[in-house]
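Each chain is listed here by its residues.
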Amino acid sequence: MRLSPTVITPIHKTRTVGLEPATAFELFTTRMGSWWPLTTHSIAQEKAIGVRFEGRVGGRVVELTEDGTEHPWADVLAWDPPHRFLLAWHPSIDPDAASMLDVRFISIESGTRVEIEHHGWEEFGSAEGASLRDQYDPGWEAVLSRLEAYPEWRAS
Amino acid sequence: MDVGPQLIALADPTRRTIYDLIRQESSSVRELTDRLPISQPAVSQHLRILSSARLVAATPQGTRRIYSPHPEGVALLRTWIDTLWDDVLDSFEQQASFEQQAVKEPKQ
């Protein structure tokens, strides 16, 4: 087996908002379509009209478009409102090649601290990923298959 | 931010192999050619593409050039994803702030 040093380390982001955890959690998940920058950060871009976030383990996060086509973005792996949810994140790619999006909501005096960790760029760890482990080498193959999730997404 | 050069450079399996070899050990074109089933000019051509994507950098050592991993190319890729999440969270923060105001100043 080839030993490859870590290529892309987990990405961490933290934001503080002045809402109670329950409200922040509900806004982030159930009402994701009301704030997500769909025109730039979606598969259908200008034709994207919303997001359906199915808040339960086994639920899906789906991009909705004006012609009725639905683009799956993620599967809900953990659902613990108003504290945490975990997504297998796979917009435009094979769900087996998902990376992990772990989002936590921590109650603080001024509201809620939202912590995001986007990790799992290099492993095909799950049992479901077994077929991909045969298809791809670890390391770059895994990273690239995940970067392909953002062919059109425009970072500012 | 344009990460096209990095994605294109790494989209080719031979270049990924070359890049991984260099990440394991800094090497000359000759050393790389010895470990690959392709010609030296072909290896040089792949190295040019990896260099222009800032994934590797060459250092002269006597008459040879030694190729080492360059952190900038990978840093660009990571920053790109980082920025995508910044954009998304900026939007979330803005909406949260809007709703916080609405709670503070309820409509009469």
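Residues numbered from 1 in each chain as written. Chains lettered and ligands numbered in written order. Predicted model: local features only at pLDDT ≥ 70, side-chain atom pairs only at ≥ 80, totals over all residues.

A. Structural context of the confidence of the model for chain A. All names here are of chain A. Averaged over every residue, the pLDDT of chain A is 82; the share at 70 or more is 74%. Helix H2 (residues 130-135) is the least confidently modelled element of chain A, averaging 46 in pLDDT, while helix H1 (residues 21-28) averages 97, the highest of any element. Segment residues 1-5: pLDDT under 50, and five contacts once partners within four positions in sequence are set aside and those in other chains are kept. (pLDDT = per-residue confidence, 0-100. Helix = DSSP H or I, 4+ residues; strand = E, 2+ residues; numbered from the N terminus. Contact = placed C-beta atoms within 7 Å.)

B. Quick look at the packing of H1(A) against helix H5 (residues 71-104) of chain B. Where H1(A) meets H5(B), the closest approach of the two axes is 11 Å, and the angle between their N-to-C directions is 130°. Accordingly, the angle class assigned to the pair H1(A) and H5(B) is oblique. Taken as a pair, H1(A) and H5(B) cross one another with a handedness that is right-handed. Contacts between H1(A) and H5(B) involve A:Ala24, A:Leu27 and A:Phe28 from the first element and B:Phe92, B:Gln95, B:Ala96 and B:Glu99 from the second. Broken down by class, the residue content of the contact of H1(A) with H5(B) amounts to five nonpolar, one polar and one charged. (Axes fitted to C-alpha atoms, helices over the stretch in contact; angles between N-to-C directions. Parallel < 35°, antiparallel > 145°, perpendicular 65-115°, else oblique. Left-handed = near helix turned anticlockwise from the far one by under 90°. Nonpolar A, V, L, I, M, F, W, Y, C, P; charged D, E, K, R; others polar.)

C. Structural context of the sheet that holds strand E7 (residues 111-119) of chain A. Reading across the sheet, the seven strands line up as E1-E7-E6-E5-E4-E3-E2 (chain A) and stay open at both edges, with antiparallel pairing between neighbours. Here the strands that pair on one side only, and so sit at the sheet edges, are strand E1 (11-17) and strand E2 (48-53) of chain A. Mean inter-strand twist for the sheet, computed between neighbouring axes without regard to direction, equals 20°. Looking at chain direction, E1(A) and E7(A) are connected through seven bridges and run antiparallel. Paired with A:Val17 across the bridge in E7(A) is A:Thr112. The sheet strands contacting H5(B) are E1 and E7 of chain A, and the helix crosses E1(A) at an angle near 15°. (Pairing = 2+ DSSP bridges.)

D. Highlighting the sheet that holds strand E1 (residues 27-28) of chain B. Residues and elements named next belong to chain B. Strand order in this open sheet of three strands is E1-E3-E2, and the pairing throughout is antiparallel. Where the open sheet ends on each side, the last strands, each with one partner, are E1 and strand E2 (56-61). Taken together, the six bridges between E2 and strand E3 (residues 64-69) define a ladder with antiparallel strand orientation. Across the sheet, the residue bridging to Ala57 is Ser68, located in E3.

E. Looking closely at the packing of helix H2 (residues 13-24) of chain B against helix H4 (residues 40-52) of chain B. Residues and elements named next belong to chain B. At a minimum axis distance of 10 Å, the contact between H2 and H4 shows a crossing angle of 80°. Overall, the two elements H2 and H4 adopt an arrangement that is roughly perpendicular. On the side of H2, the interface is formed by Thr14, Arg15, Ile18 and Tyr19, while H4 contributes Val43, His46, Leu47, Ile49 and Leu50. Tallied by class, the residues present in the contact of H2 with H4 amount to six nonpolar, two polar and one charged.

F. Broad picture of the pairing of E7(A). Residues and elements named next belong to chain A. Pairing of strand E6 (residues 99-108) with E7 involves nine bridges; the strand directions are antiparallel. What sits directly across from Ile108, in E7, is Gly111. Linking two consecutive strands that pair antiparallel, namely E6 and E7, is a turn of two residues.

G. Molecular detail of the environment of A:Phe105. All names here are of chain A. Position of Phe105 relative to the elements: it lies in strand E6. Counting along the chain gives 77 residues from Phe105 to Phe28, while the straight-line C-alpha distance between them is 10.0 Å. Ignoring sequence-local partners within four residues, the contact set of Phe105 consists of Pro21, Ala24, Phe25, Pro82, His83, Arg84, Thr112 and Val114.

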